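Now for the letters of each chain:
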Amino acid sequence: MENKKTYYISVGAGEIMTVPNASPWEFMIQATDDEITRLRQLFDFNQENSVDDFLRTHVPFVEYHNDSTNDIHDENLIKVYEMIHQLGDEEARNHIESMDILNNFTSE
C-alpha cells in the first residue's frame, strides 16, 4: 500500500498543491501518487476540452444543454468531485455533499 500525502485542491483553477499557502484552495485530501496522477489527468482533460468549448462559443445558437463539449466537461467535473469526496477530509466530504452535485446531476 502506497503512502498517502496531503494535497490542497483548487477545482476552479485545476490546481493540486502540496503546501496550503501556495495559492487559494477549497479542499484538502489525502492521496497516493497514483490517485494524484488520476486527478491531474481529470484536470488536464477539462483544460483540453476548454479549447473545444471556446470554439463552440462562436456558434451562438447551440444551447448549453445541447452541447456535447459541455456534457463532457460536466461529466468530468463530477469525476473530480467524486475523487475529492473519496479522498477528502470530513470538511471536504461535507461540503461536496451539501452541493448535491453527486446525486443525479444534469446540466439541463
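You'll find the structure just up there.
Residues numbered from 1 in each chain as written. Predicted model: local features only at pLDDT ≥ 70, side-chain atom pairs only at ≥ 80, totals over all residues. Heavy atoms only, no water.

Chemist: Sorry if this is basic, but what is going on with the pairing of strand 3 (residues 27-31) here?
Modeler: A regular strand carries its side chains on alternate faces of the sheet. Only one face of strand 3 is buried: it carries Phe27, Ile29 and Ala31, and the other face, with Met28 and Gln30, is open. Bridge count for strand 1 (residues 5-10) against strand 3 is five bridges, and the pairing is antiparallel. Counterpart to isoleucine 9 in the pairing with strand 3 is phenylalanine 27. (Buried < 20%, exposed > 50% of the residue type's maximum accessible area, 1.4 Å probe, protein only. Helix = DSSP H or I, 4+ residues; strand = E, 2+ residues; numbered from the N terminus. Pairing = 2+ DSSP bridges.)

Chemist: What is the right way to look at the pairing of strand 1 in this model?
Modeler: Direction of pairing for strand 1 relative to strand 2 (residues 15-17): antiparallel, over a ladder of three bridges. In the strand pairing of strand 2, isoleucine 9 is matched with isoleucine 16. Joining the antiparallel neighbours strand 1 and strand 2 is a turn of four residues, in which glycine 14 adopts a positive phi near 65°.

Geometry only, nothing functional implied.
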